[in-house]
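Spelled out, the chains give:
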Amino acid sequence: MASCRPTPEPVAPARGSDPAEAAGPAAQPELGSGTFDVEGATITVLFDGNDPPLPPEEMEGWVLRSATMVSDYLGEFPVPSLEVTLVGRGWGGVGFGMHQDGRWVTVYCGRRTNPRSLENDWVMVHEMLHAGFPDLTRDHRWMQEGLSTYLEPIVRARAGNTTEESVWGRWTRSMHHGRPRSGDRGLDITHTWGRTYWGGALFWMIADIELRKQTNNDKSLRDVVRGILREGGNGRANWSTRRVVEVADAATGTTILSELYATMAEAPGDIDLDTLYEELGVTNIDGEVFFDDDAPLAHIRRAITRP
Ligand SMILES: [Zn+2]
């Protein structure tokens, strides 16, 4: 079981989020019953620990909203069933989460959990995304954590649950944690916290941008994860990274993933983030994000979070 802590500091609440809009018009199950369907998948919600901080139907609405966003991005809910346990513990808001085997997700919810913290939450989407990617051996955990870390804000932005400014604010603030430091030997060998979460996120961000560059935004990371799912690569499957890379290349008709793997996983390939942000037209000045739509890769930046 992996516990997930990709963010060292609290994430700023998203402006203009609309949970009702994010849930989409199709999903109207009976909340409060403990079980509902998302795209044919059965989600079961269980409560453990202290009494839930909010009425069960509100907590279930959050689980449903998160599952719907993940399903919309992936084109399907990635596993036939998922058991979500919400553990009431502590005094804070939504705490850390865990995912296991594409079958179970656990998220801790403290007494200060309120409707706004559920609206702005990222933990549930992060954990559910783990169910949409195969299990790898321990040395390659960066690939799993990095994918959930990179995709979670994208999934939420495309659903209207967070903003482009918020997504790039977080990346420009934290992505540098993923760069190799002196003595680093590549993502497959150097397993620090920064390299596992943000190094993995950086790997997938570069993959996404390179795919979009080479195909004029026709292919993206979404084609990679959907292609892997088509081959049965969800959280219940055990895969090698070789298979991930082969299927990713086949799904996109490129060799981008295999080349990137050799550069960043098997060697300490670094990324010049300042130059990349300049090309994408994004600047973070004292926590405020500015976009330049005349930058050479601005069309790619906009496409990443576009619904
Ligand atoms: Zn995780």
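Residues numbered from 1 in each chain as written. Predicted model: local features only at pLDDT ≥ 70, side-chain atom pairs only at ≥ 80, totals over all residues.

Considerations on the overall build of the protein chain
Our working definition: Only runs of H or I of at least four residues qualify as helices and only runs of E of at least two qualify as strands under DSSP, and these elements are numbered from the N terminus. Radius of gyration: over C-alpha atoms. The globule rule applied is 2.2 Å multiplied by the number of residues raised to the 0.38 power. Residue burial here comes from a neighbour count, namely the number of other C-beta atoms, placed from the backbone, that lie within 10 Å of the residue's own C-beta, with 20 or more meaning buried, 12 or fewer meaning exposed, and in between meaning partly exposed. Two residues qualify as being in contact provided that their C-beta atoms, derived from the backbone, are within 7 Å of each other.
Helices and strands together make up the secondary structure of the protein chain, namely twelve helices and eight strands. The C-alpha radius of gyration of the protein chain comes to 18 Å, within 12% of the 19 Å expected for a compact globule of 307 residues. Residues classed as buried in the protein chain amount to 44% of the 307 residues present. Taking contacts inside the protein chain between residues at least 6 apart in sequence as the whole, the part at least 24 apart equals 68%.

Here we look at helix H6 (residues 164-174)
Every α-helix winds through 3.6 residues per turn, so residues three or four apart in the chain are directed the same way. For H6, every residue scored as buried is listed here: Glu165, Ser166, Val167, Trp168, Gly169, Arg170 and Trp171. Buried residues belonging to H6 abut helix H5 (141-158), strand E7 (282-285), strand E8 (288-291) and helix H12 (298-305).

Considerations on the domain arrangement of the protein chain
So the rule is basically this: Residue ranges assigned to the domains are those given by an automatic or database domain assignment.
Segmentation of the protein chain into domains returns domain 1 (2-130) and domain 2 (138-305). Between the C-alpha centres of domain 1 and domain 2 the distance comes to 23 Å.

Quick notes on the environment of Arg112
The topology assignment puts Arg112 in the loop between strand E6 (104-109) and helix H3 (115-119). The exposed category is assigned to Arg112, around which 12 C-beta atoms lie within 10 Å. Separated by 25 residues in sequence, Arg112 and Thr137 place their C-alpha atoms 36 Å apart. With residues up to four places along the chain from it excluded, the contact list for Arg112 reads Trp91, Gly92 and Gly93.

Here we look at the confidence of the model for the protein chain
Note that predicted coordinates carrying low pLDDT should not be read in detail. The condition that has to hold: Values of pLDDT, the confidence the predictor places in each residue, fall between 0 and 100.
Overall, the predicted model of the protein chain reaches an average pLDDT of 92, with 91% of residues at or above 70. This model gives residues 8-27 a pLDDT under 50, and the stretch forms 35 contacts once residues within four places in sequence are excluded.

Quick notes on H5
What counts here: A helix is expected to span 1.5 Å multiplied by its residue count minus one. One fitted axis covers the seven residues ending at a residue, a second covers the seven starting there, and the bend at that residue is the angle between these axes.
For H5, with 18 residues, the first-to-last C-alpha span of 26 Å sits near the 26 Å given by 1.5 Å per residue. The sharpest bend along H5 measures roughly 30° and falls at Leu151, with the proline Pro153 sitting one to four residues further on. Once H5 ends, the next one or two residues include Gly160, with phi positive near 80°.

Remarks on the packing of H5 against H6
Put simply, the rule reads: Angular values range over 0 to 180 degrees, each being the angle between N-to-C directions of two axes fitted as lines to C-alpha atoms, with helices fitted over their stretch in contact. Under this scheme an angle from 65 to 115 degrees is roughly perpendicular, one under 35 degrees roughly parallel, and one over 145 degrees roughly antiparallel; angles in between are oblique. For this scheme, ten residues count as nonpolar: Ala, Val, Leu, Ile, Met, Phe, Trp, Tyr, Cys and Pro. Four count as charged, namely Asp, Glu, Lys and Arg, and the remainder, Gly too, count as polar.
Their axes nearest at 9 Å, the elements H5 and H6 cross at an angle of 170°. By the angle between their axes, H5 is roughly antiparallel relative to H6. Contact with H5, carried on its side by Pro153, Ile154 and Ala157, involves Glu164, Val167 and Arg170 of H6 and no other residues of that element. Tallied by class, residues from the contact of H5 with H6 come to four nonpolar, no polar and two charged.

Quick word on the nonpolar core
What counts here: By convention the nonpolar core is taken to be a set of buried residues drawn from Ala, Val, Leu, Ile, Met, Phe, Trp, Tyr and Cys and joined through C-beta atoms within 7 Å.
Formed by 77 residues in total, the largest nonpolar core has its most connected members in Val63, Val70 and Val155. In terms of residue count, the dominant contributor to this core is helix H7 (residues 193-214) (ten residues). There are two domains that each give this core at least three residues, and those are domain 1 (2-130) and domain 2 (138-305). If we skip the residues at most four places from it in the chain, Val155 touches Met69, Val70, Tyr73, Val125 and Leu129.

What to know about the packing of H7 against helix H10 (residues 256-265)
As a reminder of what qualifies: In this scheme, a crossing is called left-handed if the near helix is turned counterclockwise away from the far one by less than a right angle; it is called right-handed if the turn is clockwise.
Relative to each other, H7 and H10 sit at 145°, their axes nearing to 10 Å. For the pair H7 and H10, the crossing hand works out as right-handed. In contact with Phe203, Ile206, Ala207, Glu210, Leu211 and Gln214 of H7, H10 contributes Ile256, Leu257, Leu260 and Met264. Class assignment for the residues of the contact of H7 with H10 results in eight nonpolar, one polar and one charged.

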